[in-house]
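Structural features, examined
Spelled out, the chains give:
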Amino acid sequence: MVELRRDSVNVKIKELNSDIAHFRDLSITIGAITKETWVEPMGPTPYPSLTTLRSWDLKLLERYKPFYLPFCDLCCMCTYGKCDLTGNKLGACGISMAAQQSRTVLLAACIGASTHTAHARDLLTHLIERYGEDHPINVGELNVDIEAPLTRLVCGIKPVNLGDFEEVLDYCEKQLTQLLSVTHTGQEGNNLDFESKVFHAGMIDHVGMEVADIAQISALGFPKSDPEASLADLGLGTVDIKKPVILVIGHNVPPATEIIDYLKTRDLMSEAEVTGICCTALDMTRYSAKAKIIGPISWQLRYVRSGVPDVIVIDEQCIRADILQEAQHIHAPLIATSGKNCCGLPDRTHDVPDEIVADFVSGKITGALILDPVKVGEVAVRTALAIAPKREKHKLLPTHDELIKLAKKCTGCVLCRRACPNDLPISYAVKAAAQGNISGLDELYDDCVGCGRCESACPQKIPVHSIIVAAAEKKTRDESYRIRTGRGAIQDIEIRKVGGPLVLGEIPGIVAFVGCANFPKGSREVAEMCMEFAKRRYIVCTSGCSAISAGMYRNEEGKTAYEIYPGSFEAGGIVNVGSCVSNAHISGAAIKIASIFARRPLRGNYEEIADYVYNRVGAVGVAWGAMSQKAASIAAGFWRLGIPVVVGPHGTKYRRMLLGRSDKEQDWYVYDARTGEKVYGGPVPEHLFFAAETKEEAMVMVAKLTMRPNDTSKGRAIKLTNYIDLHKRLIGGMPHDVHLLVRKQADIPLTMKEDIEKILKEMEWTEHEIPDPTLLSRMIRKSKEA
Amino acid sequence: MFENIPVEVGLLHEGERIRKNDMHVEFGGPSISEKFEIVRVREGNDITDGSIHIIGPDISAMEEGKSYPIGILVEISGSKLEKDLEGVIERRIHEYTNYIEGFMHLNQRYDIWIRLSKKSFKKGLTSFTQIGNVMHELFKNELPFIEKIQITFITDAEKIHPLYTEALGIYEARDARARGLTDEDVDTFYGCALCQSFAPTHVCVITPQRYANCGAISWFDGRAAAGIDPKGPIYAIKKGECLDTEKGEYSGVNESAMKRSMGEVKRVHLYSAFGYPHTSCGCFEGIAFYIPEVEGFGIVLRGFRDVTVNGLGFSTMADSTAGGRQVEGFHGISIEYMRSRKFMSADGGYDRVVWMPLETKEKIKPYIPESVYEKIATEKDVRTIPELKEYLISHQHPVTQLWEVDKSLDKTTASQMPVFSAGDIPITAGGVRIILKNARITAEKVIIQPVKPHQPRGGDHGDTKRS
């Protein structure tokens, strides 16, 4: 009997007689059959378990001790509770505040990582069904040799075909079950162990993201590491509202690509508008640059209420839970396409498209669940074409007069402002509007994150969000920008090219703007930060909603960031890697640096590579509007690699920061791999996770966090120049810690010599050597001089 | 530091671009035929430190939006200064003046192109004296071996002409000296450890005839850098005794490499890709790769986006080359090294090169001996090794002579020991008979492991109770 399964082959033979031997009850089990073409020997930690990398995590956590910011100081997760954990009180199960906070972080990280991994699984299953498990992986043609750095590093395998990713996801899913179980009552009680598991969840998250994006790049023909990926339209103003308009929201692109395919094969592409919000939008422009992006997730309410979309198609993640009601208000049929988000709708997956379309057009149903992307493509297009002419644009937005009338209902209770996550002065603006002046409301539009909490809070039932959007109608019509479509991975060649400029001090660092749109002051700040760092010749990467926001601002010449700066991974480039799952290419690029320059083996060799990245690669992540649990796990994946992350003020709600103490000299010793001695490496990077209150504070911190102990003097000089210059401009005066960041005379930027030398003298500074830094004693090199 | 300058001066202005609409005036550039900048080493008595002269109209007297001729003469003196360093110091003009906000400096020598922005002009940057002051300050601060510096700006076209002609002569003489300078002419080479921050075992040796792999540092650059900061990442290597003229092995280089690589690299053959080749970091500009089938080298540069004749692309081969190791047959190189007469000279130089992309071939045409130029195949001529072979034979490439010598290639492939072998293995299982004919089971490795017995069931309710 032969049993062939995906992950194993079992051969059982009851009796085997041959001339040379007799076997009875012979059973042969082969774990997996793989064609081994990769000559790199397996590293020490393939498929790490919950504890495999614990000692590395604890090294980082020793330096960056968690600083807890209880967003909620109760625990209400079991029936013992609620337990008050303030003032060193323990919960009924014995848990401390620190442990409970990190437990909640782990929970969030598990949710985030599961979301990406589950997305990857659905995508992979779909793509394998459609294109076969033998479909080859291709992320960058000949320019990319290291196709899946995270998979190689974590799992120790070199994927060749789509099918090879199955076991990678098997591993992720197993780890996530283990991780989630840790949050059960009466499991882990030590906060640092919780934190280590948060890192583990983060690492798994990046692997899951990598699988998802490589699968869709390879199978769907997305740009393959292309610095010149085409530009796509962005903004409400780019939509031709006279045409039937389809809106897609979410993260899983197959329904959207099927919509595009349906239009294309029938030559209808110019007859309808395919528009999107959030990552599905980003990914469908990678499929066809004719698709249009409306904006980041915060544009959901405002776009739906504009009445423009004729059909709304949702897939998974970051979709408003009230999307069905909102769609019903504007009489736009809603199609749910994911088992993860059914919206209470009837399952019409197995019905013929004619019937579903007819039911939508007649108004018999307002929404349907269709779990077959191909069918979604047909139904969405046909419905939109049929319904658009009938469905005048059901605008929900009030006219000017209606707006003023609504504003007059305001009693000035200020509950709207209290409900607003950004404490926007809504009531003042409404008051002014009641007197005919809508400029205040118009101004709110830019800062509003579109959550709609003001409306829920209003006892007068004023549609506050709608009147803000209505007041800014002219602005929304002008929202017309260009975004470079997500290019995917960074080429190995590009990394080689920036090697020279990095060591010669021509590139100060790599800054990645990632994550959601819960910005304290709107999209504009992300665009401004991107442009400032690109202007300063950093390498800037963008992804997800931040990539969209980065494009929603024009300079004096009317150009967006993507039109001004090149899309290549070089000094002054702004590199849109793509959607949320494309974040894996940013961590992947950092990993590739270790392989490409030092030829450190990646295969199952996480700790050594993280040590390399942490001590040498001047990369920083910025999640200025981080909102979701996915953002938490993405950040955690960067931390484990030693890449610091800066978040906006809402980021404090992630419950703890990972802060270093530059004043404690003893915290900053590293091994010099050349001598084996423990030497002072300086407080760099100073923090691993830091919430900035303002854009200005964030920018100064980013410049500081690109510093690494291995910086050449020229490299450190350019980093110091930017840090000091930004500090002087944005905060004022010289930073207080210059003397801690100068190691040698040659580190001092020459145009700031006088000022800095004065400080160094005052602080009784002395020179110290630049080590070949490592935190791992096993990396100390043995001299072979003889 | 720059209190008297009305605009900012700092590294972050370096990459600033000033578009035509934003410029107040322009100096040099494509519309001006004669322009130059030059550094000359003088005797100390001949110049006055800190003096700045302007010959012709100053910026304030110029008409907005116009292009003007320009000459910049920087005269320096110092006991440690050498004429050989003039070129290196000259390039700092570009670097330093670009630090000035709203002052864009492009190119070098007779090709300079400068723009001053309207904004900076409005802020009060209206005189070359200010530019000169910044240059004076930076040159003296950064290059302490400059004891005196005197700067002259010439904007009068007539006065520029004779100086321009003179400058051209000096550039030419300088280039001739650089081209003519051989490794034998000097007693000191330079080492660069900058890349060690990313590739800790890489040691770059820079000689007059072997540029750094990155293509960014010449022997002259090395000399200047080591002179400015002897303890810095670019250091002098006394070349010591020449152990092998042909391969380029020097006792001093060996000792230095041994020390810097902690014994990882014990010997270095500067002009060979075999034996003890120079290590390759990660940012080399190109790769010379050995093609055993034809006993010659292919060359591929970073920008080549196709597969090479051996079926591999740059990236794949770079992976075999990089990481600060001595890899025989995969050699990281700079474009400038390809222009050197010592280019892989021990291996036969260009007589051993059989393939390179057309673009590269054209780029370095003047440096490839005429006798072999047409014999080197490109991607337009051949796509595969058999095609390459034919091409080389039909073009009588010098490597074909090597083939005559050694034709007896041993074709033994590494054979695996059969673990289990039998003519027929009939298997009878469940009523079915399977015969494996000439079956042979081979394995790379056979591991015999004792089978772990199952642990007896634990707990009080386990086997013991039952028995």
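Criteria and cut-off values
- Residues numbered from 1 in each chain as written.
- Chains lettered and ligands numbered in written order.
- Predicted model: local features only at pLDDT ≥ 70, side-chain atom pairs only at ≥ 80, totals over all residues.
- Helix = DSSP H or I, 4+ residues; strand = E, 2+ residues; numbered from the N terminus.
- Buried ≥ 20, exposed ≤ 12 C-beta atoms within 10 Å, placed from the backbone.
- Contact = placed C-beta atoms within 7 Å.
- Rg over C-alpha atoms; globule rule 2.2 N^0.38 Å.
- Pairing = 2+ DSSP bridges.
- Axes fitted to C-alpha atoms, helices over the stretch in contact; angles between N-to-C directions.
- Parallel < 35°, antiparallel > 145°, perpendicular 65-115°, else oblique.
- Nonpolar A, V, L, I, M, F, W, Y, C, P; charged D, E, K, R; others polar.
- Left-handed = near helix turned anticlockwise from the far one by under 90°.
- Expected span 1.5 Å × (residues − 1).
- Domains from an automatic or database assignment.
- pLDDT = per-residue confidence, 0-100.
- Bend = angle between axes of the 7 residues up to and from the residue.

With that out of the way, let us pick up the overall build of chain B. Across its full length, chain B holds 13 helices and 21 strands. The buried share of chain B, taken over its 467 residues, is 42%. Partitioning the contacts of chain B with sequence separation of at least 6, the portion at a separation of at least 24 is 68%.

Our focus in this paragraph is the overall build of chain A. In terms of regular secondary structure, chain A is built from 29 helices and 24 strands. Taking 786 residues into account, the globule formula puts the C-alpha radius of gyration at 28 Å, and chain A, at 27 Å, falls close to it. For chain A, the spread of C-alpha atoms along the principal axes amounts to about 90 × 85 × 60 Å. Here chain A, with 786 residues, has 58% of them falling under the buried criterion. Considering only contacts within chain A whose residues lie at least 6 apart along the sequence, 75% involve residues at least 24 apart.

Residue and element names in this part refer to chain B. Among the 7 residues that make up strand 8 (residues 148-154), 6 are buried, leaving the element largely enclosed by the rest of the structure. Both strand 3 (residues 52-55) and strand 8 contribute to a ladder of 4 bridges, which runs parallel. By the bridge assignment for strand 8, Ile54 is matched with Phe153. Bridging between strand 5 (residues 71-77) and strand 8 involves 7 bridges; their strand directions are antiparallel. Following the sheet pairing, Val74 is matched in strand 8 by Ile151.

Residue and element names in this part refer to chain A. Orientation of helix 5 (residues 191-220) relative to helix 25 (residues 629-640), taken along the N-to-C sense of each, is 100°, at an axis distance of 7 Å. Classed by the angle they form, the pair helix 5 and helix 25 counts as roughly perpendicular. Only Ser633, Ile634, Ala635, Ala636, Gly637, Trp639 and Arg640 of helix 25 make contact with helix 5, whose side of the interface consists of Val198, Phe199, Ala201, Gly202, Met203, Asp205 and His206. Tallied by class, residues from the contact of helix 5 with helix 25 come to 8 nonpolar, 4 polar and 2 charged.

Tallying the contact residues gives 49 residues for chain A and 50 residues for chain B. Elements represented by at least two residues in the side of chain A that touches chain B include exactly strand 2 (9-17), helix 19 (492-503), helix 23 (583-597), helix 27 (713-731) and helix 29 (753-762) of chain A. If you tally residues by element for the side of chain A that touches chain B, the top one is helix 19 of chain A, at 7 residues. Across the side of chain A that touches chain B, the residue classes break down as 17 nonpolar, 13 polar and 19 charged.

All names here are of chain B. Between helix 1 (residues 86-98) and helix 3 (residues 128-142), whose axes approach to 10 Å, the crossing angle comes to 115°. Classified by the angle their axes make, helix 1 and helix 3 are roughly perpendicular. Considering the relative orientation of helix 1 and helix 3, their crossing is right-handed. Residue-level contacts link Arg92, Tyr96 and Thr97 of helix 1 to Ile131, Val134, Met135, Leu138 and Phe139 of helix 3.

With that settled, consider unusual backbone geometry. Residues and elements named next belong to chain A. Residue Lys82 follows Gly81 across a cis peptide bond; omega there is 5°. If you trace the backbone, Lys82 turns up in the loop between strand 5 (74-75) and strand 6 (83-84). Residue Pro685 is bonded to the preceding Val684 through a cis peptide linkage, with omega at -15°. Looking at where Pro685 falls in the secondary structure, it is placed in the loop between strand 22 (678-680) and strand 23 (687-691). Positive phi, normally seen in glycine, also occurs at Cys278, with a value near 75°. With respect to the helices and strands, the residue Cys278 is situated in the loop between strand 9 (273-277) and helix 7 (279-287). Despite not being glycine, Cys343 shows a phi value in the positive range, around 55°.

Residue and element names in this part refer to chain B. The mixed open sheet is built from 4 strands, whose spatial order is 4-1-7-6. Each edge of the open sheet is held by one strand with a lone partner, namely strand 4 (67-68) and strand 6 (103-106). When strand 1 (residues 23-28) meets strand 4, the two strands line up parallel, connected through 2 bridges. Following the sheet pairing, Phe27 is matched in strand 4 by Tyr68.

Next up on the list: helix 6 (residues 254-265) of chain A. Residues and elements named next belong to chain A. Here helix 6 spans 16 Å end to end across 12 residues, near enough to the 16 Å set by a 1.5 Å rise per residue. Where burial is concerned, most of helix 6 is hidden: 9 out of the 12 residues are buried. Of the residues making up helix 6, those classed as buried are Pro254, Pro255, Ala256, Thr257, Glu258, Ile259, Ile260, Tyr262 and Leu263. Looking one or two places after helix 6, you find Asp267, whose phi comes out positive at around 60°.

It is worth spelling out the domain arrangement of chain A at this point. Its domain assignment divides chain A into domain 1 (1-33), domain 2 (54-220), domain 3 (231-387), domain 4 (400-477) and domain 5 (481-777). One C-alpha centre belongs to domain 2 of chain A, the other to domain 4 of chain A, and the line joining them spans 39 Å.

Take the sheet that holds strand 24 (residues 773-774) of chain A next. All names here are of chain A. Taken together, 3 strands build an open sheet; the order of strands is 22-21-24 and the sheet is antiparallel. Strands with a single pairing partner mark the edges of an open sheet, and in this sheet they are strand 22 and strand 24. Bridge count for strand 21 (residues 669-672) against strand 22 is 3 bridges, and the pairing is antiparallel. If you follow Tyr669 over to strand 22, its bridge partner there is Tyr680.

Once that is clear, we can look at the environment of B:Ser31. All names here are of chain B. Mapped onto the elements of the fold, Ser31 is located in the loop between strand 1 and strand 2 (36-41). Ser31 gets classed as exposed once you count the C-beta atoms within 10 Å, which come to 11. As for Ser31 and Val9, which are separated by 22 residues in sequence, their C-alpha atoms are 28 Å apart.

Attention shifts here to the domain arrangement of chain B. You'll often see interface size given as the accessible area lost when the parts meet. Under the domain assignment, chain B is made up of domain 1 (11-179), domain 2 (182-272) and domain 3 (285-321 + 343-404). Between the C-alpha centres of domain 1 of chain B and domain 3 of chain B there is a distance of 42 Å.

Now for the confidence of the model for chain B. Detailed conclusions should not be drawn from predicted coordinates in areas where pLDDT is low. Residue and element names in this part refer to chain B. Here chain B averages 87 in pLDDT, and 87% of its residues register 70 or above. Low pLDDT, under 50, characterises residues 408-422; the predicted model gives this stretch 12 contacts beyond four residues in sequence or across chains. In the model, residues 462-467 has pLDDT below 50 throughout and makes 5 contacts with residues more than four positions away in sequence or in other chains. For this predicted complex, the interface score ipTM comes out at 0.80, while the overall pTM is 0.89.

This brings us to the environment of A:Tyr538. Residues and elements named next belong to chain A. Within the secondary structure, Tyr538 is located in the loop between helix 20 (524-535) and strand 16 (539-543). Tyr538 gets classed as buried once you count the C-beta atoms within 10 Å, which come to 27. Here the alpha-carbon distance between Tyr538 and Ala512, two residues 26 residues apart in the chain, equals 10 Å. For Tyr538, the contacting residues outside a window of four places in its chain are Ile507, Pro508, Gly509, Ile510, Val511 and Phe533.

Moving on to the environment of A:His206. Residues and elements named next belong to chain A. For His206, the location among the structural elements is in helix 5. With 278 residues separating them along the chain, His206 and Arg484 place their C-alpha atoms 23 Å apart. Not counting residues up to four positions away in its chain, the partners in contact with His206 are Leu150, Ala584, Ser587 and Gly637.

In this section: the confidence of the model for chain A. With 95% of its residues at a pLDDT of 70 or more, chain A shows a mean pLDDT of 94. Of the regions scoring below 50 in pLDDT, residues 31-35 of chain A engages in 4 contacts with residues more than four places distant in sequence or in other chains.

A few words now on helix 4 (residues 157-180) of chain B. Residues and elements named next belong to chain B. The end-to-end C-alpha distance of helix 4 is 34 Å, a good match for the 34 Å that 24 residues give at a rise of 1.5 Å each. Along helix 4, the sharpest kink reaches roughly 25°, centred on Leu163. Among all positions of helix 4, only Ile160, Tyr164 and Ala167 are buried. In this fold, the buried residues of helix 4 make contact with strand 2, strand 5 and strand 8.

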